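Below are the chains, spelled out letter by letter.
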Amino acid sequence: MDAILDDFSRADRERGLGTYGIQLYREGQPPAERRFRSDDRVNLYSVSKTFTSVALGLAEAEGRLTLDDRFLDHFPELRTLAAEGVAEVTLRQLLTMTSGTSHRWFAHERVDAADLLHEIVAAPLVAAPGSRFAYTGSGPYAIGRVIARVTGADLRSYLMPRLFGPLDLHNPAWHTCPLGYPFAESDLFLRTGELARFGRLLLQEGRWQDREVLPAAYLRRLTADPVDTGAVTFGERYTHGYGLGVWIDRGGAYRMDGAYGQYVIVDPARRAVVAVTAHSEKEEDLLAAVHELVDRLE
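Thresholds applied
Residues numbered from 1 in each chain as written. Predicted model: local features only at pLDDT ≥ 70, side-chain atom pairs only at ≥ 80, totals over all residues. Heavy atoms only, no water. Helix = DSSP H or I, 4+ residues; strand = E, 2+ residues; numbered from the N terminus. Buried < 20%, exposed > 50% of the residue type's maximum accessible area, 1.4 Å probe, protein only. Polar contact = N/O pair within 3.5 Å; in protein donor to acceptor, adjacent residues only side chain to side chain. Contact = heavy atoms within 4.5 Å. Phe/Tyr/Trp six-rings, centres within 6.5 Å; stacked < 30°, edge-to-face > 60°. 1 Å grid on protein atoms, 1.4 Å probe; cavity = no way out; pocket = protein on both sides within 12 Å on 5 of 7 lines; lining within 4 Å. Points joined across faces, edges and corners; volume = space filled by probe spheres on them. Expected span 1.5 Å × (residues − 1). Salt bridge = Lys/Arg side-chain N within 4 Å of Asp/Glu carboxyl O.

Undergrad: Looking at this structure, how should I read the side chain of D115?
TA: Tracing the backbone shows D115 in the loop between α4 (91–95) and α5 (116–122). Look at D115 and you get buried, because its relative accessible area is 16%. Side chain to side chain, D115 and R145 meet in a polar contact 3.1 Å long. With residues up to four places along the chain from it excluded, the contact list for D115 reads R145 and L179.

Following this line, the structure appears as structure tokens:
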């Protein structure tokens, strides 16, 4: 693995990929890492969505909700604000971005809404719920609000004893909206190795140090029934389908994918995880270099 990472380091230098750090883990071997700048916690951007997804899976396993619950059943006071058809939108559709909403929002673009949830439910639908994928942070944010409603704890607080604590992710920052709720779709901050631990947890079907941290049944569903993303226009690498908070990658692998080159590739066939943090203006080139690395793990 050292030779593979040395070649990646050379590619990063020669192509100007902007990597901060990369960690490679293969089951049965200690993780190997290369650093290109100080080991600071960085914004994971949309990789945060996968953390929100597993929080939903935990809440489901605890009997607090199901993925097929209608969103407004958890927020009946918003029915009078809701646009036509929103009453039929489920938590699964919010998570997989198939709610049909016209609402487009991302945390790095705007944080000033008095209550973002009001905007989301009031936005007209442009497609029937479940019929069309459209990338937006609105649904994951709404999922975070549901978790707060059914558990009495905001998303970060809910995950502290259930996920962050067991993985020894001490006191991670997760930026919040003006009402104090984590953005859920973005703005969770972790180091490269901390992010890699999360990837390893998913590879190991939720087990960490002989303890079940996440429900294996939910993790198997992450990629079991992906929605069609073939119409996506912002990059070919996003056209292979979207699961429960993860992108379908190549060869049976799946990927967490955040702006400026935050990546985790979980490859069950190779029993491997690659985690990358970066500030890259060449995201496609960076991902191609990561894929080159994975292809050598035969």
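Undergrad: Just checking my understanding: could you explain unusual backbone geometry for this structure?
TA: Phi is mostly negative for residues that are not glycine, and the peptide bonds are mostly trans. A positive phi is found at E205, a non-glycine position, where the angle reads about 55°. Mapping E205 onto the fold places it in the loop between α8 (192–203) and β5 (207–208). For E205, a relative accessible area of 37% corresponds to the partly exposed category. Residue D210 is not a glycine yet carries a positive backbone phi of 65°.

Undergrad: Is there a simple way to think about the packing of aromatic side chains in this case?
TA: A ring pair, where both rings are aromatic, is described by two values, the distance of the centres and the angle of the planes. Applying the stated rule across the entire model yields 17 aromatic pairs. On the numbers, 3.8 Å between centres and 20° between planes, the contact of F51 with F198 is stacked. Within this pair, whereas F51 is found in helix α2 (residues 48–61), its partner F198 is found in helix α8, the two being separated by 147 residues in sequence. By relative accessible area, which is 0% here, F51 ends up buried. Overall, the relative accessible area of 0% leaves F198 in the buried class. When the centroid spacing of 5.7 Å and the interplanar angle of 45° are considered together, the rings of Y135 and F234 count as tilted. Of the two residues, Y135 sits in the loop between α5 and α6 (138–151) while F234 sits in the loop between α9 (216–221) and β7 (247–248), which places them 99 residues apart along the sequence.

Undergrad: How should I be thinking about the side chain of N43 in this particular structure?
TA: As for its position among the elements, N43 is in strand β3 (residues 42–43). Here N43 falls in the buried class, since its relative accessible area comes to 12%. In this structure the side chain of N43 is engaged in a polar contact, spanning 2.8 Å, whose partner is the backbone nitrogen of Y45. Only 3.2 Å separates the side chain of N43 from the side chain of D187, close enough to count as a polar contact. Apart from the residues within four sequence positions on either side, N43 is in contact with S186, D187, L188, F189 and Q262.

Undergrad: Which parts of the structure should I look at to understand empty space enclosed by the protein?
TA: Unoccupied space between atoms shows up once a probe the size of one water molecule is rolled over them. Across all of its chains, the model carries four cavities of 30 Å³ or more by this definition. As for the largest cavity, its lining consists of 14 residues, of which V89, L94, S99, T101 and I120 are closest to the centre. Sorting the residues of the lining of the largest cavity by element identifies α4, α5 and α6 as the ones contributing at least two each. Approximately 70 Å³ is the volume found for the second largest cavity.

Undergrad: Would you mind showing me how to read the environment of D6 here?
TA: Relative to the assigned elements, D6 resides in helix α1 (residues 2–15). Its relative accessible area of 36% is what places D6 among the partly exposed residues. On a C-alpha basis, the gap between D6 and R34 in space is 8.2 Å, while along the polypeptide they are 28 residues apart.

Undergrad: Honestly, α2 in this entry has me stumped. Any pointers?
TA: Turn by turn, an α-helix covers 3.6 residues, leaving residues three or four places apart pointing in a common direction. The terminal C-alpha atoms of α2 lie 20 Å apart, and with 14 residues this matches the ideal 20 Å at 1.5 Å per residue to within 8%. Summarising burial for α2: 13 of the 14 residues are buried, a large majority. Trailing α2 by a residue or two, G63 shows a phi angle of about 80°, which is positive.

Undergrad: How do you make sense of the pattern of salt bridges when you look at a structure like this?
TA: Any two side chains of opposite charge can pair if their charged atoms end up close together. Counted according to the given criterion, the structure contains 31 salt bridges. Across the salt bridge formed by D2 and R34, the nearest N and O atoms sit 3.5 Å from each other. Separated by 32 residues along the polypeptide, D2 in helix α1 and R34 in strand β2 (residues 32–35) bring together distant segments of the chain. A residue is classified by how much of its surface remains accessible, and D2, at 47% relative accessible area, is partly exposed. Across the pair R221 and E60 runs a salt bridge, and its minimum N-O distance is 2.8 Å. Residue R221 is located in helix α9, and its partner E60 is located in helix α2; the two are separated by 161 residues in the primary sequence. A relative accessible area of 29% means that R221 is categorised as partly exposed.

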